[in-house]
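The residues making up each chain are set out below.
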Amino acid sequence: MRFTILLLTICILQQGFSQAELSDMSKNYILRNVNIIPINKDTILKNQMVIITGNKITLITDDNDKAFQPVDRYSFIDCKDKFLMPGLADMHAHFPEYNELKNYLTLNLLAGVTSIRSMRGDETHLNIKKDKNLPQLNLYLSSPPITKTLTIDKKTADSIVTVSKENGFVFLKVLSIKDSLSFTNLAAACKTHSFPFCGHGLSNISMPLLLKSGYNSIEHLTGYAENLNKGDTYVDKLIKLTTKHKVYNCATEDYFELGYNMQSITDLKKRNGLKYIADTTIVKWDKEITEDQTKIGDSKLKEQRETYIKMRGIKNKILVSLVKNNAQLLIGADAGSNYSIPGFALLEEMKHHSNAGLTNYQVLCAATINAAKYMNQSKKWGTVEINKEANLILLNANPLIDLNNLNSVEGVFINSEHKTVKELESGLK
Ligand SMILES: [Zn+2]
């Protein structure tokens, strides 16, 4: 009886998809007995059946059915004791050279990262989505960055935004800016063309002006601690403005931890994803780190670490205050340093947020639904719900209990594809 109901359900689910679409779909899946971390609530839905038709979640229901029979065009996946959650989003990423992209994107999938915001755009990135040799993730591409070398009058601002938009980039990244007139011209052009812009806090632009300008994310938590000399009340005002103008923050703390030599080589060897890195590369990294630390010298290194620990304390307080005031956070690893493994560095970044005082649920939201909201895509992905895209990861352990359990990815669903870790590993060079 139950099986008949299932067949009927699937027939209903297939309505709305043309025959061609159905046979085009590489595969459709029925996930059995899966525990869902839906993210729209801080909860777990135990023993669920999830049906994925093409790139969509078409049914979620209690799974009480023992019958296991093949269904036309649908494959069963036994998910007993496994956890299904939205794919992770790395919101501060830098792509490598084009010939290294296949490995880079595959490593991201292996770490459960299905969406990436590229923070240093290049014209070559526009080819990625057309390249059949590359794994297809959700990519949000920035145009080549704006820097202080450029004087931006109204006409230049309009042309930068128009060309970026026409080329297929989805936002502008600002590294630095020549002067306040260049900034206001750029902000006005972005507003006229409804084109997002974001980037570093800018030393020559006041934070209130920046926060009110339409700038939609600040990288590395720049601009807050720098204003502490104006007093706590002033920084509180900046935090309130951040919330009011819906400016997201992407702290990228892991980048600083590595940059300030905070971890010994022994600790670095415990980082996630290292098993995918060639021994020769690790030897090269160790040599570079040792040489760098020797050059700095023990006492300077100690001093440098102490300075960083102080700064980290201040930034952690700001991070917690942003959350308390309902400002939104994104998670981005800014990977690229030695021992910062693409995709896997995101978990390290998430752990920094947890150490700062956020709950695991808050950190998981920042790495999923917040990113979707930020990209205006929350109707499509970021939670596990019917009619959302199957942008999902399957884990062997529960990350709400321990974020390290994100290191147990078993498979990913993205763009109508399901890939197991084994399949992904076979695609690595
Ligand atoms: Zn960066």
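Here we take up unusual backbone geometry. The backbone phi angle of Asp81 is positive, close to 65°, even though this residue is not glycine. Of note in the backbone geometry, Lys246 takes a positive phi value of approximately 55° without being a glycine. Within the fold, Lys246 resides in the loop between helix 7 (232–244) and strand 12 (248–250).

Summed over all chains, the structure comprises 14 salt bridges. Across the salt bridge formed by Glu410 and Lys82, the nearest N and O atoms sit 3.5 Å from each other. Of the two residues, Glu410 is situated in strand 15 (residues 409–414) and Lys82 in the loop between strand 4 (74–78) and strand 5 (83–86); the sequence distance between them amounts to 328 residues. On the basis of relative accessibility, which here comes to 14%, the residue Lys82 falls in the buried class. With a shortest N-O distance of 3.3 Å, Glu253 and Lys315 are connected by a salt bridge. Linking Glu253 in helix 8 (residues 253–259) with Lys315 in helix 11 (residues 298–324), this pair joins segments that are 62 residues apart in sequence. When sorted by exposure, Glu253 lands in the same class as Lys315, which is buried.

The subject of this paragraph is the packing of aromatic side chains. According to the stated counting rule, one finds 11 aromatic pairs in the structure shown. For the pair Tyr29 and Phe413, a centre-to-centre distance of 5.6 Å together with 75° between the ring planes defines the contact as edge-to-face. Remark: Phe413 occurs in strand 15 and Tyr29 occurs in strand 1 (residues 28–36); sequence separation between them is 384 residues. Residue Tyr29 shares its accessibility class with Phe413, and that shared class is buried. Ring plane angle 85° and centroid distance 5.3 Å describe the contact between Tyr255 and Phe256, whose orientation is recorded as edge-to-face. Taking the relative accessible area as the measure of exposure, Phe256 reaches 18% and is therefore buried. Over the aromatic face of Phe256 sits the side chain of Lys315, whose NZ or CZ is 3.8 Å from the ring centroid.

Within the protein, the atoms that donate to the zinc ion are His92 (NE2), His94 (NE2) and Asp334 (OD), at distances of 2.0 to 2.5 Å. Mapped onto the sequence, the residues coordinating the zinc ion show the spacing H-x1-H-x239-D. Of this pair, His94 sits in the loop between strand 6 (88–93) and helix 3 (101–110) while Asp334 sits in the loop between strand 13 (329–330) and helix 12 (345–356), placing them 240 residues apart in sequence. Residue class for His94 comes out buried when judged on its relative accessible area of 17%.

This paragraph deals with a negative patch on the surface. A grouping of Glu97, Glu100, Asp122 and Glu123 is seen on the molecular surface, where their side chains present a negatively charged patch. One can find Asp122 in the loop between strand 7 (113–118) and strand 8 (138–141). By relative accessible area, which is 34% here, Asp122 ends up partly exposed.

Before going further, it helps to spend a moment on the sheet that holds strand 12. Sheet architecture is open: 5 strands sit in the order 9-10-11-12-13, paired in parallel fashion. Strand pairing shows two members of the sheet lacking a second neighbour, strand 9 (172–174) and strand 13, which therefore form its edges.

On to the domain arrangement of the chain, then. According to the domain assignment, the chain consists of domain 1 (2–81) and domain 2 (88–384). Between the C-alpha centres of domain 1 and domain 2 the distance comes to 35 Å. On the domain 2 side, the residues contacting the 9 residues of domain 1 number 8 residues. Looking only at domain 1, the three residues that lose the most surface to domain 2 are Pro38, Ile39 and Asp42, adding up to 60% of its buried area. For the pair domain 1 and domain 2, the number of links is 0 salt bridges. Viewed at the interface, domain 2 and domain 1 are joined by 2 residue pairs in polar contact (both at pLDDT 80 or more). Of the residues belonging to the side of domain 1 that touches domain 2, the class tally is 6 nonpolar, 1 polar and 2 charged.

Moving on, we come to the pairing of strand 16 (residues 417–420). Where strand 15 meets strand 16, 4 bridges bridge the pair, whose relative direction is antiparallel. From the neighbouring strand, Val412 faces strand 16, where its bridge partner is Lys419. Between strand 15 and strand 16, which pair antiparallel in sequence order, lie 2 residues; one of them, Asn415, sits at a positive phi of approximately 50°.

Turning our eyes to something else, we now look at the sheet that holds strand 8. Strand order in this open sheet of 3 strands is 6-7-8, and the pairing throughout is parallel. At either margin of the open sheet sits one strand with a lone partner, and together these are strand 6 and strand 8. When the angles between neighbouring strand axes are averaged without regard to direction, this sheet yields 15°. Of the pairings in the sheet, the one linking strand 7 to strand 8 comprises 4 bridges and is parallel in character. When the sheet's bridge partners are listed, Ser118 is paired in strand 8 with Leu141. Most of the contacts of helix 3 go to strand 7, to which it runs at about 130°, and overall it touches strand 6, strand 7 and strand 8.

Criteria and thresholds
- Residues numbered from 1 in each chain as written.
- Predicted model: local features only at pLDDT ≥ 70, side-chain atom pairs only at ≥ 80, totals over all residues.
- Heavy atoms only, no water.
- Helix = DSSP H or I, 4+ residues; strand = E, 2+ residues; numbered from the N terminus.
- Salt bridge = Lys/Arg side-chain N within 4 Å of Asp/Glu carboxyl O.
- Buried < 20%, exposed > 50% of the residue type's maximum accessible area, 1.4 Å probe, protein only.
- Phe/Tyr/Trp six-rings, centres within 6.5 Å; stacked < 30°, edge-to-face > 60°.
- Lys NZ or Arg CZ within 6 Å of the ring centre and 35° of its normal.
- Donors = N, O, S within 2.8 Å, 3.2 Å for Na, K, Ca; no water.
- Patch = residues over 30% accessible without salt bridge, like charges linked within 9 Å, V, L, I, M, F, W, Y side chains within 5 Å.
- Areas by Shrake-Rupley, 256 points an atom, 1.4 Å probe, with all protein chains shown as cover.
- Lys, Arg positive; Asp, Glu negative; His and termini not counted.
- Charge placed at Lys NZ, Arg CZ, Asp CG, Glu CD.
- Pairing = 2+ DSSP bridges.
- Domains from an automatic or database assignment.
- Contact = heavy atoms within 4.5 Å.
- Buried area = accessible area lost by both parts, 1.4 Å probe.
- Polar contact = N/O pair within 3.5 Å; in protein donor to acceptor, adjacent residues only side chain to side chain.
- Nonpolar A, V, L, I, M, F, W, Y, C, P; charged D, E, K, R; others polar.
- Axes fitted to C-alpha atoms, helices over the stretch in contact; angles between N-to-C directions.

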